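# Per-entry structural report
Residue-level listing of the chains:
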Amino acid sequence: MNDLSPEIRNLYIKYNGDIKRLLAENPNPDYLYALSDIRENLLEWYEFDRAASLLQVGSDYGALTGLYSRRVSHVTVLDSSQNNLSFNRLRHQDRNNIRYVNGELSSIHGETFDYVVIAGSLKEPVKEQIEKAKALLRPGGKLILSVCNRLGLKYQAGAIPDQIRLSRKELMELLCGSGRTEGKAAFYYPMPDYKLPITLYSDSYLPSKGDLTHAILAYDYPKYLRFDLGKMFDEVCEGKEFETFANSFLTIWSCHEED
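Residues numbered from 1 in each chain as written. Predicted model: local features only at pLDDT ≥ 70, side-chain atom pairs only at ≥ 80, totals over all residues. Heavy atoms only, no water.

Turning to the nonpolar core, a few remarks are in order. General note: in soluble globular proteins, nonpolar side chains tend to be found buried as a group. One finds Val116, Leu143 and Phe242 to be the most contacted residues of the largest nonpolar core, which totals 41 residues. Those elements giving two or more residues to this core turn out to be strand S1 (53–57), strand S4 (113–119), helix H6 (126–135), strand S5 (137–148), helix H8 (168–176), strand S6 (184–191), helix H9 (229–238) and strand S8 (248–254). Among the elements that make up this core, the one with the highest residue count is H8 (five residues). When neighbours within four sequence positions are excluded, leucine 143 is seen to be in contact with Val116, Ile118, Ile130, Ala133, Lys134, Leu137, Leu175, Thr251, Ile252 and Trp253. With 27 residues, the next largest nonpolar core counts Val77, Cys148, Ala159 and Leu250 among its residues. (Core = buried A, V, L, I, M, F, W, Y, C linked by side-chain atoms within 4.5 Å. Buried < 20%, exposed > 50% of the residue type's maximum accessible area, 1.4 Å probe, protein only. Helix = DSSP H or I, 4+ residues; strand = E, 2+ residues; numbered from the N terminus. Contact = heavy atoms within 4.5 Å.)

See the structure below:
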């Protein structure tokens with residue numbers, strides 16, 4: 001996605017921070033993704049340790065920063081774009097537990113965190129990024145990562161995928177190694193995707209045939225789909241392959257067995 005920070009900043013100031021009115025009067029998928037409070041559904045349910053510190057990799061227009069700042073003691077927002085950081089700072093100017101750092105993962109030296117979150121901001125080389133993120137965790141810390149699934153049905157139906165897309169097997173190997181002995185990763189499946197999640201499934205709570213027959217169309221689906229998406233989700237659910245073809249993943253990795 002292009003950097004819309006200056007554009008969104010001007011609108012935010014024009015509407016005095018009234019995001020609901022801004023979105024209602026300016027229907028635009030990019031604005032929705034950048035500003036909607038639906039974004040918080042991705043991790044609103046998660047029980048963060050309130051005394052913890054968290055590194056947010058990628059400012060992401062501050063869509064999740066507010067949630068983090070309300071749930072943990074201290075948040076560090078890391079982004080290579082000063083524009084993104086500037087808008088995030090404006091959006092959360094009333095929060096006093098957020099620090100903004102301009103740079104990459106390699107810019108962080110001499111400190112560790114209880115949580116490192118990479119929500120849709122994973123970059124190449126992917127393996128190196130994940131290893132750097134793990135190295136910034138304190139003992140018992142957790143890496144929280146969300147990414148689109150290269151095999152996701154929405155992309156097979158014609159939606160445009162993110163630049164970084166991984167299958168479940170690829171993601172598992174990157175997080176836990178091919179032998180799956182390098183820590184443990186819990187997988188969750190946001191629907192319709194991690195960007196604007198409405199429902200969240202997990203390996204212990206998967207959809208059955210009929211649950212997704214009338215699957216909510218994502219805001220970025222093409223006008224004409226290549227196939228009946230609801231019917232295909234029924235097929236993969238009945239065939240017990242939802243985990244393989246889910247649109248995106250949310251993973252929580254820890255070096256310990258407990259997650």
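The discussion continues.
What follows deals with the sheet that holds strand S7 (residues 199–202). Here eight strands make up an open sheet; going across it, the order is S3-S2-S1-S4-S5-S8-S6-S7 and the pairing mixed. Every interior strand has two partners, whereas the edge strands, strand S3 (98–102) and S7, have only one. When the angles between neighbouring strand axes are averaged without regard to direction, this sheet yields 20°. Sheet topology places strand S2 (residues 74–79) next to S3; five bridges connect them, and they run parallel. (Pairing = 2+ DSSP bridges. Axes fitted to C-alpha atoms, helices over the stretch in contact; angles between N-to-C directions.)

All of the buried residues along H9 are Leu229, Gly230, Phe233, Asp234, Val236 and Cys237. Packed against the buried residues of H9 are helix H7 (153–156), S6 and helix H10 (242–245).

This part is about the packing of aromatic side chains. Summed over the entire model, instances satisfying the criterion amount to 13 aromatic pairs. Seen from their ring centres, phenylalanine 233 and phenylalanine 242 are 6.2 Å apart, and the 50° between their planes marks the pair as tilted. For the pair phenylalanine 233 and phenylalanine 242, a shared accessibility class is recorded, and that class is buried. Taking NZ or CZ as reference, arginine 168 lies 4.2 Å from the ring centre of phenylalanine 187, over its face. Lying across the ring of tyrosine 33, lysine 195 places its NZ or CZ 5.8 Å from the centre. (Phe/Tyr/Trp six-rings, centres within 6.5 Å; stacked < 30°, edge-to-face > 60°. Lys NZ or Arg CZ within 6 Å of the ring centre and 35° of its normal.)

At a minimum axis separation of 9 Å, helix H1 (residues 5–14) and helix H5 (residues 82–91) run at an interaxial angle of 20°. With respect to their mutual orientation, H1 and H5 come out roughly parallel. Every pair of crossing elements has a handedness; the one defined by H1 and H5 is left-handed. Residues Ser5, Pro6, Ile8, Arg9, Tyr12 and Ile13 of H1 form the contact with H5, whose participating residues are Asn83, Asn84, Ser86, Phe87, Leu90 and Arg91. Its residues placed into classes, the contact of H1 with H5 shows six nonpolar, four polar and two charged. (Parallel < 35°, antiparallel > 145°, perpendicular 65-115°, else oblique. Left-handed = near helix turned anticlockwise from the far one by under 90°. Nonpolar A, V, L, I, M, F, W, Y, C, P; charged D, E, K, R; others polar.)

Considered for burial, the residues of H5 that qualify are Asn84, Leu85, Phe87, Asn88, Leu90 and Arg91. Taken together, the buried residues of H5 touch H1, helix H2 (19–25), helix H3 (29–35), helix H4 (65–71), S2 and S3. With a side-chain oxygen lying 3.3 Å from the backbone nitrogen of asparagine 83, the N-terminal cap of H5 falls on serine 81. (Polar contact = N/O pair within 3.5 Å; in protein donor to acceptor, adjacent residues only side chain to side chain.)

Where burial is concerned, most of S1 is hidden: five out of the five residues are buried. Where S1 meets S2, five bridges bridge the pair, whose relative direction is parallel. Paired with valine 57 across the strands is leucine 78, a residue of S2. You can see the chain leave S1, run along H4 and come back into S2, and the turn it takes is right-handed. (Right-handed = clockwise from strand over helix to strand, strands pointing away.)

According to the stated counting rule, one finds zero disulfides in the structure shown. Not engaged in a disulfide, the cysteine cysteine 148 finds its nearest cysteine sulfur in cysteine 237; these two sulfurs lie 19 Å apart. With no disulfide of its own, cysteine 255 lies closest to cysteine 176 among cysteine sulfurs, the gap being 11 Å. Looking at cysteine 255, the relative accessible area reads 44%, which means it is partly exposed. (Disulfide = S-S within 2.5 Å.)

So far we have only geometry, and geometry alone does not tell us how the molecule works.
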